[in-house]
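The primary structure of each chain is shown beneath.
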Amino acid sequence: MNMRDRVNQALKDAMKSKEADRLSTLRLINAAIKDKDIALRGTADEEGGVSDADVLGILGRMVKQRQESARAYEEGGRLELAEKELSEIKVIEDFLPRQLTDEEAESAVDAAISEAGAASIRDMGKVMAVLKAKYTGQMDFGKAGPLVKSRLG
């Protein structure tokens, strides 16, 4: 079952069980996927619409946005809003693969460096492309970038 079908099935299940908070988050996910579909119209990739990798990227961005919002709400003393953001993160993470541990991320970076044949910092883009192709949704690329830089630099 592809990612879009999993989201739609979860949406139906949430409707049936009357889980309002989960339902609203699933609707946000669905809307983001449809927005990406619309953005892809007219491009060469249009045939299948949004791929699973695209959906993982969308979900990853949604988690990151909510983490930033929750942090801002906590700093502003709006704990009820921060909790709402954190509960949305839990729903979104149900669809994401397990995140790599720090050790797994380091070995993935080392493998990507050797696979890309990277020798200097100029090859960082190649290494990041390999990582994104293999580990979208499993790795925080904001943390991977500095790790790659330290290995190549």
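K.L.:
Is there a simple way to think about the overall build of the protein chain in this case?
P.N.:
On a plain count of helices and strands, the protein chain comes out with seven helices and zero strands. Helices and strands appear in the protein chain in the N-to-C order α-α-α-α-α-α-α. Along the first, second and third principal axes, the C-alpha set of the protein chain runs to 55 × 45 × 25 Å. For the protein chain, the proportion of its 153 residues judged to be buried stands at 35%. Sequence-distant contacts, at least 24 apart, represent 56% of the contacts inside the protein chain between residues at least 6 apart.

K.L.:
What's the story with the pattern of salt bridges in this structure? I'm lost.
P.N.:
Side chains carrying opposite charge are able to pair once their charged atoms draw close together. All told, the structure shown has eleven salt bridges when counted by the stated rule. The residue Glu106 makes a salt bridge to Arg151 at a minimum N-O spacing of 3.9 Å. Of this pair, Glu106 sits in helix 5 (residues 102-116) while Arg151 is found in helix 7 (residues 141-152), placing the two residues 45 residues apart along the sequence. Given the relative accessible area of 36%, Arg151 is considered partly exposed. Among the ionic pairs, Lys134 bridges to Glu115, the shortest N-O distance being 2.5 Å. One end of the pair, Lys134, is in helix 6 (residues 124-135); the other, Glu115, is in helix 5, with 19 residues separating them in the sequence. The exposure class assigned to Lys134 is partly exposed, which follows from its relative accessible area of 46%.

K.L.:
How do you make sense of unusual backbone geometry when you look at a structure like this?
P.N.:
Glycine aside, residues mostly have negative phi, and peptide bonds are mostly found in the trans state. Of note, the phi angle at Lys18 is positive, near 55 degrees, even though the residue is not glycine. Structurally, Lys18 is set in the loop between helix 1 (3-16) and helix 2 (20-40).

K.L.:
When you look at the packing of helix 6 against helix 7 in this model, what are you seeing that I'm missing?
P.N.:
Each pair of packed helices gets described by two things: the angle between the helix axes and the distance between those axes. Packing of helix 6 against helix 7 leaves a shortest axis separation of 10 Å and a crossing angle of 140 degrees. On the basis of their axis angle, the class for helix 6 and helix 7 is oblique. In this structure, helix 6 crosses over helix 7, and the sense of that crossing is right-handed. Only Phe141, Ala144, Gly145, Val148, Lys149 and Leu152 of helix 7 make contact with helix 6, whose side of the interface consists of Met124, Val127, Met128, Leu131, Lys132 and Tyr135.

K.L.:
Just to check I follow, could you spell out the nonpolar core for this structure?
P.N.:
Leu26, Ile29, Ile33, Leu59, Met62 and Phe95 are the most contacted members of the largest nonpolar core, which has 23 residues in total. The set of elements that each furnish at least two residues to this core consists of helix 1, helix 2, helix 3 (52-75) and helix 4 (79-93).

What counts as what
- Sequence order as written defines residue numbering, which begins from 1 separately in each chain.
- Local features in a predicted model are, by the rule used here, given only for residues with pLDDT of at least 70; side-chain atom pairs are given and counted only at 80 or more, and totals for whole chains, interfaces and linings are based on all residues.
- Excluded from the side-chain calculations are hydrogens and water; all other atoms, namely the structure's heavy atoms, are used.
- Numbering of helices and strands starts at the N terminus; helices are DSSP runs of H or I of at least 4 residues and strands are runs of E of at least 2.
- Working definition: with a 1.4 Å probe on protein chains only, accessible area under 20% of the residue-type maximum means buried, over 50% means exposed, and in between means partly exposed.
- In this analysis, two residues are considered to be in contact whenever any of their non-hydrogen atoms come within 4.5 Å of each other.
- Each salt bridge in this description consists of a side-chain nitrogen of Lys or Arg and a carboxyl oxygen of Asp or Glu lying within 4 Å of one another.
- A fitted line through C-alpha atoms represents every axis, and for helices the fit uses only the stretch in contact; the resulting angles, taken between N-to-C directions, go from 0 to 180 degrees.
- Angles below 35 degrees are treated as roughly parallel, those above 145 as roughly antiparallel, those between 65 and 115 as roughly perpendicular, and all remaining angles as oblique.
- Crossings are assigned a handedness: left-handed for a near helix turned anticlockwise from the far helix by less than a right angle, right-handed for a clockwise turn.
- Each nonpolar core is a collection of buried residues, namely Ala, Val, Leu, Ile, Met, Phe, Trp, Tyr and Cys, held together in the definition by side-chain atoms within 4.5 Å.

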